[in-house]
Amino acid sequence: KQEVTQIPAALSVPEGENLVLNCSFTDSAIYNLQWFRQDPGKGLTSLLLIQSSQREQTSGRLNASLDKSSGRSTLYIAASQPGDSATYLCAVRARDYKLSFGAGTTVTVRA
Amino acid sequence: DAGVTQSPTHLIKTRGQQVTLRCSPKSGHDTVSWYQQALGQGPQFIFQYYEEEERQRGNFPDRFSGHQFPNYSSELNVNALLLGDSALYLCASSADGQGAVDTEAFFGQGTRLTVV
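Here's what I pulled together on the structure shown here. As the structure is a prediction and not an experimental result, all values here were calculated from the model.

The secondary structure content of chain A amounts to 0 helices and 11 strands. Whereas a compact globule of 111 residues would reach a radius of gyration of roughly 13 Å, chain A reaches 13 Å, a difference of no more than 12%. Dimensions of chain A along its principal axes, counting C-alpha atoms only, are 40 × 30 × 20 Å. Classification of the 111 residues of chain A by burial places 45% in the buried group. Contacts in chain A between residues at least 24 apart in sequence constitute 53% of all its contacts with a sequence separation of at least 6. Within the structure as shown, chain A displays about 5100 Å² of accessible surface, and the carbon and sulfur contribution to it stands at 47%. Once the 11 positive and 9 negative side-chain charges of chain A are each reduced to a mean point, those two points are 5 Å apart.

Following this line, the structure appears as structure tokens:
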């Protein structure tokens with residue numbers, strides 16, 4: 001059974017600081033990994049999709065890396081802003097079609 | 001493109017009642033998955049529908065059932081509601097046709113179900 005862990009569970013930083021969010025998974029036989037953002041009480045917004053053959057993916061201030069063999073992914077958010085405050089979830093997709101999620105990292109960026 | 005749309009956004013039901021939640025996938029998507037998210041936790045997979053059939057199911061009781069229509073929209077039904085069924089229910093769509101397994105999933109805004 002795939003287990004996904006996100007560390008830390010919560011993070012508070014001053015505006016302008018870079019954010020580093022970690023995700024680990026137990027079964028490396030994945031097809032892809034997605035990072036999502038979730039605002040309180042809302043749905044999930046897809047931020048980045050990394051295919052199993054890729055090492056990293058970038059979109060604006062966001063960069064995500066994937067080390068499939070060690071079961072790790074890291075999401076970097078450069079020059080954080082108060083609008084980046086949200087919960088960030090990582091999810092992996094394997095042969096069973098479903099996405100397996102971590103519990104998320106709740107980020108607070110202080111102005 | 002309207003993206004994934006879910007209805008209703010909020011719902012309050014009494015223990016023992018039945019509820020139906022609805023989902024319209026993103027344009028061009030043929031696969032719909034349902035997830036349950038309890039407060040403070042990550043979403044848990046309920047089941048996935050492709051070509052109007054349940055393709056995969058998570059560890060949820062038979063009280064949870066679903067349907068997919070020819071236009072790819074989907075319904076989630078929950079019978080005999082329990083207090084523990086209170087959660088945010090999320091629908092996700094993807095374009096898994098023709099054997100694609102590495103497609104991106106897009107989520108709706110969710111339905112907040114409260115059982116009292």
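On to the nonpolar core. In this structure, A:Phe25, A:Leu33, A:Trp35, A:Leu75 and A:Tyr88 are the most contacted members of the largest nonpolar core, which totals 22 residues. Of all the secondary structure elements, the ones that give two or more residues to this core are strand S3 (19-25), strand S4 (30-38), strand S5 (44-51), strand S7 (62-67), strand S8 (72-77), strand S9 (86-94) and strand S11 (105-110) of chain A.

Attention shifts here to unusual backbone geometry. The amide bond that connects A:Ile7 to the next residue, A:Pro8, takes the cis arrangement and shows omega of 0°. Between B:Ser7 and B:Pro8 the backbone carries a cis peptide bond, its omega angle lying at -10°. Looking at the secondary structure, you find B:Pro8 in the loop between strand S1 (5-7) and strand S2 (10-13). With a phi close to 45°, A:Ala79 is a non-glycine residue in the positive phi region.

All names here are of chain B. The strand order S1-S3-S8-S7 describes an open sheet built from 4 strands, whose pairing is antiparallel. In the strand order of this sheet, the two ends are held by S1 and strand S7 (64-68), each with one partner. Across the sheet, the mean angle separating the axes of adjacent strands is 20° when strand polarity is ignored. Bridge count for S7 against strand S8 (residues 74-78) is 5 bridges, and the pairing is antiparallel. When the bridges of S8 are listed, glycine 66 appears paired with leucine 76.

Moving on, we get to the interface of chain B and chain A. Listed as interface residues are 23 residues of chain B and, on the opposing side, 21 residues of chain A. Between chain B and chain A the total buried area reaches about 1800 Å² when both faces are included, carbon and sulfur atoms providing 55% of it. The tally of links from chain B across to chain A stands at 1 salt bridge. As a salt-bridge pair, A:Arg93 and B:Asp96 come within 2.4 Å of each other at their nearest N and O atoms. At the boundary of chain B with chain A, the tally comes to 8 residue pairs in polar contact (both at pLDDT 80 or more). Looking at the side of chain B that touches chain A, the elements with two or more residues in it are strand S4 (31-37), strand S5 (44-50), strand S6 (53-57) and strand S9 (87-94) of chain B. The element contributing the most residues to the side of chain B that touches chain A is S9(B), with 3 residues.

Moving on, we come to empty space enclosed by the protein. If a probe as big as a water molecule is rolled over the atoms, it shows which places are left empty. Residues and elements named next belong to chain B. A full pass over the atoms with the stated rule returns 1 cavity of 30 Å³ or more. Those elements that provide at least two residues to the lining of the largest cavity are S4 and S9. Counting residues per element, the lining of the largest cavity draws most heavily on S9, which supplies 3 residues. The residue inventory of the lining of the largest cavity, partitioned by class, reads 5 nonpolar, 4 polar and 1 charged.

Analysis parameters
Residues numbered from 1 in each chain as written. Chains lettered and ligands numbered in written order. Predicted model: local features only at pLDDT ≥ 70, side-chain atom pairs only at ≥ 80, totals over all residues. Heavy atoms only, no water. Helix = DSSP H or I, 4+ residues; strand = E, 2+ residues; numbered from the N terminus. Rg over C-alpha atoms; globule rule 2.2 N^0.38 Å. Buried < 20%, exposed > 50% of the residue type's maximum accessible area, 1.4 Å probe, protein only. Contact = heavy atoms within 4.5 Å. Areas by Shrake-Rupley, 256 points an atom, 1.4 Å probe, with all protein chains shown as cover. Lys, Arg positive; Asp, Glu negative; His and termini not counted. Charge placed at Lys NZ, Arg CZ, Asp CG, Glu CD. Core = buried A, V, L, I, M, F, W, Y, C linked by side-chain atoms within 4.5 Å. Pairing = 2+ DSSP bridges. Axes fitted to C-alpha atoms, helices over the stretch in contact; angles between N-to-C directions. Buried area = accessible area lost by both parts, 1.4 Å probe. Salt bridge = Lys/Arg side-chain N within 4 Å of Asp/Glu carboxyl O. Polar contact = N/O pair within 3.5 Å; in protein donor to acceptor, adjacent residues only side chain to side chain. 1 Å grid on protein atoms, 1.4 Å probe; cavity = no way out; pocket = protein on both sides within 12 Å on 5 of 7 lines; lining within 4 Å. Points joined across faces, edges and corners; volume = space filled by probe spheres on them. Nonpolar A, V, L, I, M, F, W, Y, C, P; charged D, E, K, R; others polar.

So far we have only geometry, and geometry alone does not tell us how the molecule works.
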